[in-house]
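Commentary on secondary and tertiary structure
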Amino acid sequence: MSTPNLLMIPGPIGLTSDVLRALSEPQRGHLDPVFMQSYGRALKRLREVFVAPAAQPFIVSGSGTLAMEMSVANLIQPGDKALVVNTGYFSDRIATMLELHGAQVTQVKAEPGDVASLDEVERALSSTAFKVMTITHVDTSTAVLAPVRELAALARKHGALVVVDGVCSVGGEALEMDAWGVDVAFTASQKALGAPPGLAVLLASPRALETWKARTKPVASMYLDFAQWLPIQQAYEAGTPSYFATPAVNLIMALEVSLGELVAETMPVRVARHQRLARAARAAWSALGLASLTKRPEVTAHTLSALKYPAGVDASLVKHVGAQGVNIAGGLHPALKTTYFRVGHMGAASGGTLLETVGALERGLTAAGHRFEAGVGVAALERALVAR
Ligand code: PMP
């Protein structure tokens, strides 16, 4: 098999050697004591990663979209009102999902690359009683970072449950679920958690579970229903055998290892590392004359960058950079996708992988016809990394 390129797309991301080793363990059954302990530890570690000692974690086979739908299916009953703070493609997705599950959806939208002001969100919250407000912490389509702490405080003030799509944030951006009053936060295994794709991860606050228990209509899906999964999560955490649907044994064991790496690094240190790497990356982008798609630094993610193609360069840049050994991603926002590209820098990303990426980007930009002094991006990156 050929060696793949360095993977610098915004998920899935490169895996550490310990995570890879966990994946190559012999197959175990889902009631094997070693696996049961591993699952239990993974659940406990999620409370540390989400800074949510009071929350109930769920790990379910599926991708981030499944975790998103699990949050909607369990909290929403037909006719409920939901407010979506829309920052792009993935906010559109949860809005559609909320409607499919019967919610009356109001959206507060910003232009691509920005977040609506707190005043606008508060005006919407004051207009009617919403059961739920959703926030996309990092919209991966545009690299917009939403101010979850401030938005969650507003929603709480107005009595709405807070649902956070943390798919491109958890494990890289600051999120303190309990302290910030977040009721449901979800992610997927393949982004800043540093495991392969295939697991949906969701944490529910006691308030979210009470809301689910108080439903008057059943959840219209067996696979998504907390009622199926809650006893299973509790059993694995207690080390007792239980079965609803076969868990992804090997993926969960790999996730347990990656979560162990997060917990060992500690969340504040990990968040600061992502911020440092993002600052260094931004120094390289500006030295190369690449403008961010986001409108302001305060709304710019630290887990990925979304950059406009410079004049005269088109989407073939992604292929040119790939030919230099590094995979980056094209645009995703429907209205703008041919105008920008994205570079992931989360999880195990380091000064070393960023140097390789900026070097490949320089060679790719040159092949695509962009003119600049060779090495300026690499030099700016290196200076920022050294300056810390
Ligand atoms: N939300 C966000 C913010 C995402 O970035 C993604 C995936 N890129 C999703 C939801 C959906 O996750 P998945 O592709 O794992 O279903």
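Keep in mind it's a predicted model, so treat the numbers as computed, not measured.

Nonpolar side chains in soluble globular proteins generally cluster together in the buried interior. Counting residues in hydrophobic clusters, the biggest one holds 91 residues, and the most contacted among them are F50, F58, I59, V121, M133, V182 and F186. With sequence-adjacent residues up to four places away left out, I59 is seen in contact with Y39, A42, L43, L46, L199, A200, Q233, I252 and L255. Counting 27 residues, the second-largest nonpolar core is a separate cluster that includes W285, L365, A368 and L385.

As for its placement among the helices and strands, E362 is situated in helix α13 (residues 351-367). Of the buried charged residues, E362 lacks a salt bridge, with R363 as the closest side chain of opposite charge at 7.2 Å. Looking at E362, its side chain comes within polar contact range of the main-chain nitrogen of G375, at 2.6 Å.

This paragraph deals with helix α2 (residues 33-49). Spanning 17 residues, α2 covers 24 Å between terminal C-alpha atoms, matching the ideal 24 Å at 1.5 Å per step. Considered for burial, the residues of α2 that qualify are F35, M36, S38, Y39, G40, A42, L43, L46, R47 and V49. Where α2 is buried, its residues contact β2 (56-61), β10 (199-204), α9 (226-238), α10 (249-265) and α11 (267-287). N-cap assignment for α2: the residue whose side-chain oxygen lies 2.7 Å from the backbone N of V34 is D32. After α2 finishes, the residue V51 shows a positive phi value of roughly 50°.

To continue, consider the environment of L20. By secondary structure assignment, the location of L20 is in helix α1 (residues 17-23). Under the relative-accessibility criterion, L20 is labelled partly exposed at 45%. Separated by 204 residues in sequence, L20 and L224 have C-alpha atoms that sit 29 Å apart.

Scanning all chains against the criterion turns up nine aromatic pairs. An angle of 90° between the planes, with centres 5.3 Å apart, marks the rings of Y223 and W229 as edge-to-face. Residue class for Y223 comes out partly exposed when judged on its relative accessible area of 31%. With relative accessibility at 3%, the residue W229 sits in the buried group.

Take the packing of helix α12 (residues 316-323) against α13 next. Look at α12 against α13: their axes get within 8 Å of each other, and the N-to-C directions meet at 130°. Classified by the angle their axes make, α12 and α13 are oblique. Note on packing geometry: the crossing formed by α12 with α13 is right-handed. Where α12 approaches α13, its residues L317, H320 and V321 are matched on the opposing element by A360, L361, G364, L365 and A367. For the contact of α12 with α13, a count of residues per class yields six nonpolar, two polar and no charged.

Here we come to the site of the ligand. Taken together, 14 residues surround the ligand, and among them S63, T65, T140, D165 and K191 come closest. Within the contact set of the ligand, an oxygen atom lies 2.5 Å away from a side-chain nitrogen or oxygen of T65. Taking 390 Å² as the accessible area of the ligand by itself, protein coverage stands at 87%. Among the cavities detected, the one that contains the ligand is the second largest pocket. Of all elements in the fold, only α3 (64-75) and α4 (89-100) reach the threshold of two or more residues within the shell around the ligand. The biggest single contributor to the shell around the ligand is α3, with three residues.

So, on to the packing of α11 against α13. The interhelical angle for the contact between α11 and α13, taken along N-to-C directions, is 20°, at an axis separation of 11 Å. Between α11 and α13, the interaxial angle falls into the category roughly parallel. When the axes of α11 and α13 are compared, the crossing they make is right-handed. Here L277, A281, A284 and W285 of α11 come into contact with α13, specifically with G351, L354, V358 and L361. Its residues assigned to classes, the contact of α11 with α13 comprises seven nonpolar, one polar and no charged.

About the thresholds
- Residues numbered from 1 in each chain as written.
- Predicted model: local features only at pLDDT ≥ 70, side-chain atom pairs only at ≥ 80, totals over all residues.
- Heavy atoms only, no water.
- Core = buried A, V, L, I, M, F, W, Y, C linked by side-chain atoms within 4.5 Å.
- Buried < 20%, exposed > 50% of the residue type's maximum accessible area, 1.4 Å probe, protein only.
- Contact = heavy atoms within 4.5 Å.
- Helix = DSSP H or I, 4+ residues; strand = E, 2+ residues; numbered from the N terminus.
- Lys, Arg positive; Asp, Glu negative; His and termini not counted.
- Salt bridge = Lys/Arg side-chain N within 4 Å of Asp/Glu carboxyl O.
- Polar contact = N/O pair within 3.5 Å; in protein donor to acceptor, adjacent residues only side chain to side chain.
- Expected span 1.5 Å × (residues − 1).
- Phe/Tyr/Trp six-rings, centres within 6.5 Å; stacked < 30°, edge-to-face > 60°.
- Axes fitted to C-alpha atoms, helices over the stretch in contact; angles between N-to-C directions.
- Parallel < 35°, antiparallel > 145°, perpendicular 65-115°, else oblique.
- Left-handed = near helix turned anticlockwise from the far one by under 90°.
- Nonpolar A, V, L, I, M, F, W, Y, C, P; charged D, E, K, R; others polar.
- Near = heavy atom within 4 Å.
- Areas by Shrake-Rupley, 256 points an atom, 1.4 Å probe, with all protein chains shown as cover.
- 1 Å grid on protein atoms, 1.4 Å probe; cavity = no way out; pocket = protein on both sides within 12 Å on 5 of 7 lines; lining within 4 Å.
- Sits in = over half its atoms within 2 Å of the grid points.

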